[in-house]
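Here are the chains, one letter per residue:
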Amino acid sequence: MKEILSGNEAIARGAYEAGVKVACAYPGTPSTEILENTIRYREIDSSWATNEKVALEVGIGASFVGARSLVTMKHVGVNVAADPLFTLSYTGVNGGLVLVCADDPELHSSQNEQDSRNYAKFAKVPMLEPADSQECLEFTKLAYEISEKYDTPVLLRTTTRISHSKSVVNMGERTDLVREAKIEKNAAKFVMLPGNARVRHVVVEDRTVQLSKDGCSMPINRVEMREGKIGVITSGIAYQHVREALPEASVLKLGMVHPLPFDLIREFAAKVEKLYVVEELDPFIEEQVKAIGIPVIGKEIISICGELTPGRVRKAFGLPENAATAVEKLPGRPPNMCPGCPHRGVFYTLNQLKAYVSGDIGCYTLGFMPPLSAMDTCVCMGASIGMATGAVKVLSPEERKKVVAVIGDSTFLHTGINGLMDMVYNKGAATVIILDNRITAMTGRQENPGSGHTLMNDPTNAVDFELLCKAIGVKNVRTINPLDLDECRTVISEEMERPETSVIITDKPCVLIKREGIFKAGAPLQVVEESCTGCRACLKIGCPAIEWVPSSGKKGKAHIDPLLCNGCDVCSQLCKFSAIQEAK
Amino acid sequence: MSDKVTNIVLVGVGGQGILLAAEILSETFMLAGFDVKKSEIHGMSQRGGSVVSHVRYGKEVFSPMVPEGEGDILFGFELMESYRYLSLLKPGGAVVVNDLCIAPPAVLVGQESYPADMALKIQELCPDCLLVDGQNLAIQAGNARAANTVLLGAVSKRLDIEEKYWIEAIEKMVPKKALEVNLKAFEMGRGLK
């Protein structure tokens, strides 16, 4: 059966066909849709974990008792999961275990553009890299075979242009594995105390050597000889751009990027006049090819930063660029918090109070943009609270009051909670605001332990943030309505004055939540033209529904688009002239 | 089948139904027997950001991205975004664009103004330009939200694909309750000169 699938959909299908029983992940663009698609197959138990480390541990547990498991995350998530990963490399698996890591060259929606191929080498784990959706499906299945044959977890690396691109896929059937999950004790393999681990390290090194040798005859590492004189070693999406831009070039297409098939590389190098490596981000293949004494051109012509495009490959090889229509400079169109977003009032208040806002990863990171301009740091998931603790350790008592950490519900449960325990334990005097909008909004509204529903849509326990904070020792916990500006200002300024840890929880849901009865839009508002003095106060919250109309009236007037307005009422609280009212 | 790959670039503002239109295009081309690749960036796009989707079809497609200056058709849902991405279009390429302005944040707060005469500027650079009053035609078809299907109809007229594949793709991708309106919207777009 033929279908057009994204790389993520094809990986989910591949896992299904490979007989996977357990799939676990923390959502992260561009990896998120893999688990959103494994739920189409009831044979797979799919779940969101609280973070990537936990997701991998769930996968490991299922593998150790014999089931095939799938764990997915974005590149920065691998940093969180790195601890179990490096030792999993030593223990190996029982049922096959595949960890998908989705890299984001060009940082379309990430805080850095790390190259996860380095993790394969660092953790000494084989890595496959598909180049389109068909390969996403096939490589996923192959990854389980390699995992079990070589007793190793396998990394499957995608990049944004593989995860989110769609192409035609031929689908197959599910393999029904005979093996049943059952407890088999094997301490020498699964208990990594130093004595056992020393033995396993030798196994790991032998495995890498063997895989490098076997990789030379794997069909996924293939040589395509063409009439041109140059040869290009490439993999993943870069292969497609090379075929597009250099149709005459001979190509060694690597499906396994770690360990590299060195004998095959030597053979290919001997057949061509000039050898290139075309790869995104780090000179990962290039350095290893150079290390075995083969001269190759790579990063001299291709940037180490950003993603490749057919145009960038053409430029690197000095080919004429296509004529492009020149256009004038235009206003940018960055993303914005939605109309009615419950974060807007909080960030407006933090801006007014001149807080030093230690930020985190989520929709609310957009709070750094003007006109709200109320976020001063953003490093990684869960970092806001720990960083606030560090800042108050060294600031003067007057400066210390300004430190406020903001964090979303899902991010708080991901790794923020550890930071809060640390802050209380070490007597950090900062204010923490948990922006609880009942969903993991940024990645497209995934459930989390605070939302009360599982990925497979079963009702479940919802974390009580207030009780949780009290249980870990926060004495001052207050819940506020973030759409009420007076309440925001009063509570936040009081807590900022307090010389000890305090937590403020906001309790309005994301406007995009689909589940019925959670978000209810208010009546749309309108600007009463005669009352509007053109003072622009309502523009300070940057709501997409409010537009400045310069041509109307003496100084111009505000206008509210009734189709966009969700009736949150934050703008009308800013209007001193009562010009913003419910539309009649 | 010739070896030529046809390149379509869809541009507009998050929330306008661009991704669904790109899905329908891709599905149509697959049903008509072509290799198809489609690429776009998700994540932040639904929050009013600029959205670009690339759809390519032919005997064999490699890169999922339309190379700069090789777009055959620019399929625009909003005027300023269409103008912004004209560099992807080949010289003499066709433009089918919705006659609609959506103000970006800097314009909303009055810091910048929406650039004047966008439609005119596009037409000057690309003589083969069809300006579609998508919103009004969609209302005539029965629902203002079907503007993307009106535009799709207009684009379909410029591609050599049998009508039955378009209809089959729309029937597969559009929810049942909205199907009648969308088929009507598609026909209205297809009827435009």
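A few points on the structure. On a predicted model such as this, the values are computed, not experimentally measured, just so you know.

## So, the overall build of chain A
1) Next: Within chain A, the regular secondary structure consists of 20 helices and 22 strands.
2) Next: Sequence-distant contacts, at least 24 apart, represent 74% of the contacts inside chain A between residues at least 6 apart.
3) Next: A total accessible area of about 23400 Å² is found for chain A, and carbon and sulfur atoms account for 54% of it.
4) Next: Charged side chains in chain A number 65 positive and 71 negative. The centres of these two groups are separated by 2 Å.

## Some thoughts on the pairing of strand S15 (residues 403-408) of chain A
Residue and element names in this part refer to chain A.
1) Next: Within S15, six of the six residues are buried, which leaves the element mostly enclosed by the surrounding structure.
2) Next: Bridge count for strand S14 (residues 356-358) against S15 is three bridges, and the pairing is parallel. Across the sheet, Ser-358 pairs through a bridge with Ala-405, a residue of S15.
3) Next: Where S15 and strand S16 (residues 431-435) come together, five bridges link them in parallel fashion.

## Here we look at the interface of chain A and chain B
1) Next: Tallying the contact residues gives 51 residues for chain A and 53 residues for chain B.
2) Next: Roughly 4600 Å² of surface becomes buried between chain A and chain B when both sides are summed, with 60% attributable to carbon and sulfur atoms.
3) Next: Sorting the residues of chain A by area buried against chain B places A:Leu330, A:Pro331 and A:Arg333 first, and these three jointly supply 18% of that buried surface.
4) Next: Between the two partners, chain A and chain B, sit five salt bridges.
5) Next: Taken together, the connections running from chain A to chain B amount to 19 residue pairs in polar contact (both at pLDDT 80 or more).
6) Next: Contributions of two or more residues to the side of chain A that touches chain B are made by strand S1 (2-6), helix H7 (160-163), strand S8 (166-170), helix H10 (236-245) and strand S20 (546-549) of chain A.
7) Next: Residue contributions to the side of chain A that touches chain B peak at five residues, all from H10(A).
8) Next: In terms of residue class, the side of chain A that touches chain B is built from 24 nonpolar, 13 polar and 14 charged.
9) Next: Two elements, S8(A) and strand S2 (residues 35-40) of chain B, share two bridges in a ladder whose sense is antiparallel. Counted as the bridge partner of A:Lys166 is B:Lys38 from S2(B).

## Some points on the nonpolar core
1) Next: Core analysis: the biggest nonpolar cluster contains 69 residues, and A:Phe347, A:Leu350, A:Val406 and A:Phe412 have the highest contact counts within it.
2) Next: For A:Phe347, the contacting residues outside a window of four places in its chain are A:Met337, A:Tyr364, A:Gly367, A:Leu372, A:Ala374, A:Met375, A:Val406 and A:Leu435.
3) Next: Grouped together as the second largest cluster of nonpolar side chains are 43 residues, B:Ala21, B:Phe34, B:Val51 and B:Leu159 included.

## Let's talk about the packing of aromatic side chains
1) Next: According to the stated counting rule, one finds 11 aromatic pairs over all chains in the structure shown.
2) Next: Considering the side-chain rings of A:Tyr16 and A:Tyr41, the 4.2 Å spacing of their centres and the 20° angle between planes classify their relative orientation as stacked. Here A:Tyr16 is found in helix H1 (residues 7-17), whereas its partner A:Tyr41 is found in the loop between helix H2 (33-38) and strand S3 (45-48), with 25 residues between them in sequence.
3) Next: Assessed through its relative accessible area of 11%, A:Tyr41 is described here as buried.
4) Next: On the basis of an interplanar angle of 35° and a centroid distance of 6.0 Å, the ring pair of B:Trp166 and B:Phe186 is categorised as tilted. With B:Trp166 in helix H7 (residues 163-173) and B:Phe186 in helix H8 (residues 176-190), the pair connects residues that are 20 residues apart, well separated along the chain.
5) Next: A relative accessible area of 0% places B:Phe186 in the buried class.
6) Next: Aromatic rings pair up to connect B:Phe29, B:Phe34, B:Tyr57, B:Trp166 and B:Phe186 into one cluster.
7) Next: The ring of A:Tyr239 carries A:Lys253 above its face, with NZ or CZ at 5.4 Å from the centroid.

## Examining the environment of A:Val76
Residue and element names in this part refer to chain A.
1) Next: When you line up the elements, Val-76 lands in helix H4 (residues 75-91).
2) Next: In this structure the C-alpha to C-alpha distance between Val-76 and Leu-99, which are 23 residues apart in sequence, comes to 13 Å.
3) Next: What Val-76 contacts, discounting residues up to four positions off in sequence, is Gln-111, Asn-112 and Gln-114.

## Looking at unusual backbone geometry
Residue and element names in this part refer to chain A.
1) Next: Residue Thr-29 is joined to Pro-30 through a cis peptide bond whose omega torsion reads 10°.
2) Next: Tracing the backbone shows Pro-30 in the loop between strand S2 (22-25) and H2.
3) Next: Between Pro-370 and Pro-371 the backbone carries a cis peptide bond, its omega angle lying at 5°.
4) Next: Even without a glycine there, the phi angle at Lys-354 is positive, about 55°.
5) Next: Within the secondary structure, Lys-354 is located in the loop between helix H14 (343-352) and S14.
6) Next: What makes Lys-354 exposed here is its relative accessible area of 65%.

## Things to note about the sheet that holds strand S10 (residues 230-235) of chain A
Residues and elements named next belong to chain A.
1) Next: Strand order in the open sheet formed by four strands is S9-S11-S10-S13, with mixed pairing between adjacent strands. Each edge of the open sheet is held by one strand with a lone partner, namely strand S9 (222-224) and strand S13 (274-278). Pairs of neighbouring strands in the sheet enclose a mean axial angle of 20°, with direction left out of account.
2) Next: With three bridges joining them, S9 and strand S11 (residues 250-254) adopt antiparallel strand pairing. Each residue of the ladder has a partner; that of Arg-222, found in S11, is Lys-253.
3) Next: Packed on one face of the sheet, helix H12 (residues 284-291) meets S10, S11 and S13 and runs near 125° to S10.

## A word on the packing of H4(A) against helix H9 (residues 194-215) of chain A
Residue and element names in this part refer to chain A.
1) Next: Look at H4 against H9: their axes get within 7 Å of each other, and the N-to-C directions meet at 85°. Classified by the angle their axes make, H4 and H9 are roughly perpendicular. Facing H4, whose interface residues are Ser-89, Tyr-90 and Thr-91, H9 presents Ala-197, Arg-200, His-201, Val-204 and Arg-207.

## Concerning the packing of helix H15 (residues 383-394) of chain A against helix H17 (residues 409-425) of chain A
Residue and element names in this part refer to chain A.
1) Next: Contact pair H15 / H17: the axes reach a minimum separation of 7 Å and the direction vectors enclose 20°. One way to sum up the angle between H15 and H17 is to call them roughly parallel. For the pair formed by H15 and H17, the contact residues are Ile-385, Gly-386, Ala-388 and Thr-389 on the first element and Phe-412, Gly-416, Gly-419, Leu-420, Asp-422 and Met-423 on the second.
2) Next: Considering only residue class, the contact of H15 with H17 consists of five nonpolar, four polar and one charged.

## A short note on the state of the cysteines
Residues and elements named next belong to chain A.
1) Next: Taken as a whole and judged by the stated rule, the model has zero disulfides over all chains.
2) Next: Between Cys-338, a free cysteine, and Cys-341, which holds the nearest cysteine sulfur, the sulfur-to-sulfur gap is 6.2 Å.
3) Next: The cysteine Cys-510 is free of any disulfide, with Cys-338 supplying the nearest cysteine sulfur at 6.3 Å.

Conventions adopted
- Residues numbered from 1 in each chain as written.
- Chains lettered and ligands numbered in written order.
- Predicted model: local features only at pLDDT ≥ 70, side-chain atom pairs only at ≥ 80, totals over all residues.
- Heavy atoms only, no water.
- Helix = DSSP H or I, 4+ residues; strand = E, 2+ residues; numbered from the N terminus.
- Contact = heavy atoms within 4.5 Å.
- Areas by Shrake-Rupley, 256 points an atom, 1.4 Å probe, with all protein chains shown as cover.
- Lys, Arg positive; Asp, Glu negative; His and termini not counted.
- Charge placed at Lys NZ, Arg CZ, Asp CG, Glu CD.
- Buried < 20%, exposed > 50% of the residue type's maximum accessible area, 1.4 Å probe, protein only.
- Pairing = 2+ DSSP bridges.
- Buried area = accessible area lost by both parts, 1.4 Å probe.
- Salt bridge = Lys/Arg side-chain N within 4 Å of Asp/Glu carboxyl O.
- Polar contact = N/O pair within 3.5 Å; in protein donor to acceptor, adjacent residues only side chain to side chain.
- Nonpolar A, V, L, I, M, F, W, Y, C, P; charged D, E, K, R; others polar.
- Core = buried A, V, L, I, M, F, W, Y, C linked by side-chain atoms within 4.5 Å.
- Phe/Tyr/Trp six-rings, centres within 6.5 Å; stacked < 30°, edge-to-face > 60°.
- Lys NZ or Arg CZ within 6 Å of the ring centre and 35° of its normal.
- Axes fitted to C-alpha atoms, helices over the stretch in contact; angles between N-to-C directions.
- Parallel < 35°, antiparallel > 145°, perpendicular 65-115°, else oblique.
- Disulfide = S-S within 2.5 Å.

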